[in-house]
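# Examination of the molecular architecture
In case you want the letters, here they are:
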Amino acid sequence: MRLTDDEVRGYRERGFLLVESLFGPEEVDALRAAFLRDSRVPGEQRILEDKGDTVRAVYGSHRRQPEFAALVRNSRLLEPAHRLLGRDVYLFQLKVNAKPPFTGEQWAWHQDFLAWQLADNLPAPRLLNVGVFLDDVTEFNGPVIFLPGSHRDGLVGDRTRHSTRSVQHVDPDDISLTPAQMADLVNRHGMESPKGPAGSVVFFDPEIVHGSAPNMSPFPRKLLIATYNAVGNEPRPTGEPRPEYLICRDNRPLRISDEPLVTAGGENR
Ligand code: HL5
Ligand code: SIN
Ligand code: MN
């Protein structure tokens, strides 16, 4: 999957790039089945919504489900990662934000790199997020909203306001931008929410300001986010590093492998 020069330019300027229907319906079915299986595995990697007992997010599914292990090496993700980061990359984090119908809560306005700088002492924002839509994303089911170009402001505001020495997952609520900051940012950058059928992919920058509203629709909005880090930009934790399911320690460069996602997990698992 080669990005065109125009697409690369668009990504650099705007901080995100939507490519519709990069994965086909059978591949999406396989990924959804793998997520369903994985969301039943109890453990710390599974985050529940505050109210009720629906799943908010699951981390590190590539460690348990072969479909996700295959996905992170697929050329449709890895080629753009090589192109946009300009060097060897490894998988830094993989999560699925589940946004279930009716109960999926908001993801507060934030910049990812702040979380990783505070919690993991990550040196530089040399990462790429790849969001894979596991459901159709519409205006109704809580699409991610981006502030185009906001990544070029760098980290916004006073980071000493936050003291995230979390050993667990950092919820965007913990590092959220203030209403005053958001009013100014939206005034300067505007807002845009990429939408499209399941199987579409949105590439986005670790410093772009983003967030999403609750899902009050009857439709799920499962979003997988694979985050690649440039080899050489590993976290330098001062204390105990965060658990492996959150922040991968295996920094060996990923090599492209287009093993089919559909058969990767076997038929009847
Ligand atoms: N939950 C992530 C982590 O690493 C951080 C958030 O969207 C990414 C801000 O704990
Ligand atoms: C995130 O930034 O990880 C959450 C975005 C979302 O799932 O809406
Ligand atoms: Mn985020």
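It should be noted that the structure appears before, not after, this text.
Residues numbered from 1 in each chain as written. Chains lettered and ligands numbered in written order. Predicted model: local features only at pLDDT ≥ 70, side-chain atom pairs only at ≥ 80, totals over all residues. Heavy atoms only, no water.

## A short note on the environment of Gly190
- Secondary-structure assignment places Gly190 in the loop between helix H6 (179–189) and strand S8 (201–204).
- Overall, the relative accessible area of 26% leaves Gly190 in the partly exposed class.
- The spatial distance from the C-alpha of Gly190 to the C-alpha of Ser150 is 9.2 Å, given a sequence separation of 40 residues.
- The residues contacting Gly190, other than those within four sequence positions of it, are Phe146, Leu147, Pro148 and Leu185. (Helix = DSSP H or I, 4+ residues; strand = E, 2+ residues; numbered from the N terminus. Buried < 20%, exposed > 50% of the residue type's maximum accessible area, 1.4 Å probe, protein only. Contact = heavy atoms within 4.5 Å.)

## Looking at the sheet that holds strand S4 (residues 89–97)
- The 7 strands are arranged S1-S8-S6-S10-S4-S3-S2 in an open sheet whose pairing can be described as antiparallel. The sheet is open, and its two borders are formed by strand S1 (16–19) and strand S2 (46–48), each paired with just one other strand. Direction aside, the axes of adjacent strands within the sheet are offset by 20° on average.
- Pairing of strand S6 (residues 127–133) with S8 involves 4 bridges; the strand directions are antiparallel. Bridge pairing in S8 places Val130 opposite Phe203. (Pairing = 2+ DSSP bridges. Axes fitted to C-alpha atoms, helices over the stretch in contact; angles between N-to-C directions.)

## Some words on the site of ligand 1
- Close contacts around ligand 1 come from Tyr59, Gln93, Lys95, His110, Asp112, Ala115, Trp116, His169, Val170 and Arg242, and that covers them all.
- In the environment of ligand 1, an oxygen atom lies 2.9 Å from a nitrogen or oxygen atom belonging to the side chain of Gln93.
- Contact distances for ligand 1 include 2.8 Å between an oxygen atom and a backbone N or O atom of Val170.
- Elements supplying a minimum of two residues to the shell around ligand 1: S4 and helix H5 (112–120).
- Considering every element that reaches the shell around ligand 1, the biggest residue donor is H5, with 3 residues.
- Here the shell around ligand 1 is composed, by residue class, of 4 nonpolar, 3 polar and 3 charged. (Near = heavy atom within 4 Å. Polar contact = N/O pair within 3.5 Å; in protein donor to acceptor, adjacent residues only side chain to side chain. Nonpolar A, V, L, I, M, F, W, Y, C, P; charged D, E, K, R; others polar.)

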